[in-house]
Amino acid sequence: MSEEKEPKPAGDEPKPPPGGAAAGPEPAVPEPVPSWKAVLRGLGPRGLGLKIGAPVLALLISLGITMILLRVTGADPFSSIQSMIEYGTTENSIVDIVNRATRYYLSAVAVAIGFRMALLNIGVDGQYRLAAFLAAALGGAVALPAPFGQLLVIVAAMAVGGLWAAIAGVLKVTRGVSEVLSTIMLNAIATGLIAYLLNDQRLAEVRPGSNNVATAPIPESGRVGGLNGFLASIGIDLPGAVYGLLPLAVLVGIVFWVVINYTRFGFDLKISGLSTSAAQASGVNARRMIVYTMIASGVVAGLIGMPELLGASYEYSLNFPAGLGFTGITVALLGRNHPAGIALAALLFAFLDQTSDVLQEVDVPKEIVGVMQGVVVLTVVIVYELVRRWEIRRQQHAVAAELATGNDLAREAAGSAS
């Protein structure tokens, strides 16, 4: 993809004005970043108006394309969307949407950590499934009083996810193996390990009356209750159980934002992803940051299965949710790696997934929802990148004009002084 270059100022270098006064700072131009890095790092327009206008324009375009797709399938787009909204705003659907969005959010944050360094951690899916499985086996085998039981399972899942992701980081810095290839292979290895260990002769047991195989149930002391009691105390009564670890997901998003933007680790991470040579010139060990970033991404990935494991299923079985890591990639791209944007994107994807079944009632294939999600992501990514390029070019022209004006004023001042 193309890379925008900063324009070289025309004419002579600007001279300080008479009297020895220092010239004012030159206007800043957005840093030249390759398009693929800009997309991964969530870069977009800097102006407030463009920050608001770009997503609105993208959503309107995606809505128009979606309505065209629905019309092509022979359905009435207005009635279809109305049916989705009516079904998605029922109390039962709201609970399911919030629970889905919690898992999507954690998955997207895990992916976004790598994205901020232009690392493609495709292995989030394998990391969270292996972490959930081993943590479930540990939680079912060791009974501890609350809150130590919950902490044991959560910390174990974070450790497994971080260690599994570290393999890809070490391979990249020591052998030059692309993290895309290594994480995809690690996904396959994780799937094989789970299939081997999820056996009644090893770490699982057969459920009576079914063909399902699961780990030993986590005892009551190790489970996390729903948030319904707290929600009821503030006047929100919902029929289903809302994940008790929803606040953990919120905390993860806050920590992610603070660390990335206000700590030395976050600065080192971003500069290493932007330029390895610049990182080294700043005294940052870029190779080490790759490993640290992959570990941090894997640690968060280990948390993805915790809301379901400790708040609903209490065991890892053949029915445990899968594929969340790949959903997290699209949610992170849609949310521009920003915690608030990721939250909105997670809710949107959860809403679309929840309402996919109701489309069959209006003779629309539920698979159209996957197409709708892809259209939304592609539209947002493309619009943001086009707006970013337009803003860069606009500011480049403004900087060139200001520098040229400064040169002319300097010449006039030098001429009058002589």
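Residues numbered from 1 in each chain as written. Predicted model: local features only at pLDDT ≥ 70, side-chain atom pairs only at ≥ 80, totals over all residues. Heavy atoms only, no water.

Student: Looking at this structure, how should I read a nonpolar patch on the surface?
Tutor: A cluster of nonpolar residues, V250, I254, V258 and Y262, forms a patch on the protein surface that exposes about 410 Å² of accessible area. One can find I254 in helix α9 (residues 246–262). (Patch = residues over 30% accessible without salt bridge, like charges linked within 9 Å, V, L, I, M, F, W, Y side chains within 5 Å. Areas by Shrake-Rupley, 256 points an atom, 1.4 Å probe, with all protein chains shown as cover. Salt bridge = Lys/Arg side-chain N within 4 Å of Asp/Glu carboxyl O. Helix = DSSP H or I, 4+ residues; strand = E, 2+ residues; numbered from the N terminus.)

Student: Sorry if this is basic, but what is going on with the packing of helix α5 (residues 124–141) against helix α14 (residues 324–334) here?
Tutor: Pairs of packed helices are described in terms of their axes, by the angle between the two and the distance that separates them. Between α5 and α14, the least distance of the axes is 7 Å, while the angle of their chain directions is 135°. Accordingly, the angle class assigned to the pair α5 and α14 is oblique. Two packed elements cross with a definite hand, and for α5 against α14 that hand is right-handed. Contacts from V124, D125 and Y128 in α5 reach L324, G325 and F326 in α14. Of the residues that constitute the contact of α5 with α14, the class distribution is 4 nonpolar, 1 polar and 1 charged. (Axes fitted to C-alpha atoms, helices over the stretch in contact; angles between N-to-C directions. Parallel < 35°, antiparallel > 145°, perpendicular 65-115°, else oblique. Left-handed = near helix turned anticlockwise from the far one by under 90°. Contact = heavy atoms within 4.5 Å. Nonpolar A, V, L, I, M, F, W, Y, C, P; charged D, E, K, R; others polar.)

Student: What should I look at first to understand the environment of V362 in this one?
Tutor: Structurally, V362 can be placed in the loop between α15 (339–354) and α16 (368–417). The spacing of V362 and S79 is 283 residues in sequence and 8.2 Å in space, taken between C-alpha atoms. For V362, the residues in contact, after removing those within four places along its chain, are S80 and S83.

Student: When you look at the pattern of salt bridges in this model, what are you seeing that I'm missing?
Tutor: Opposite charge on two side chains allows them to pair when their charged atoms are near. Evaluation of the coordinates by the stated rule reveals 10 salt bridges. Measuring nitrogen to oxygen at the nearest pair gives 2.8 Å for the salt bridge that ties E205 to R207. On the basis of relative accessibility, which here comes to 33%, the residue E205 falls in the partly exposed class. A residue is classified by how much of its surface remains accessible, and R207, at 16% relative accessible area, is buried. Here R389 ties to E385 by a salt bridge, and the two come within 3.2 Å at their closest N and O atoms. With a gap of 4 residues between them, R389 and E385 both fall in helix α16, about one helical turn apart. Taken individually, R389 and E385 each receive the classification buried, so the pair is uniform in this respect. One network of salt bridges, in which partners are shared, links E205, R207 and E315. (Buried < 20%, exposed > 50% of the residue type's maximum accessible area, 1.4 Å probe, protein only.)

Student: Looking at this structure, how should I read the packing of helix α6 (residues 148–175) against helix α13 (residues 306–313)?
Tutor: Packing of α6 against α13 brings their axes to within 10 Å, and their N-to-C directions diverge by 150°. As far as their axial angle goes, α13 and α6 are roughly antiparallel. Judged by the twist between their axes, the crossing of α6 over α13 is right-handed. Touching Q150, V153, I154 and A157 of α6 are M306, L309 and L310, all from α13. A per-class count over the contact of α6 with α13 returns 6 nonpolar, 1 polar and no charged.

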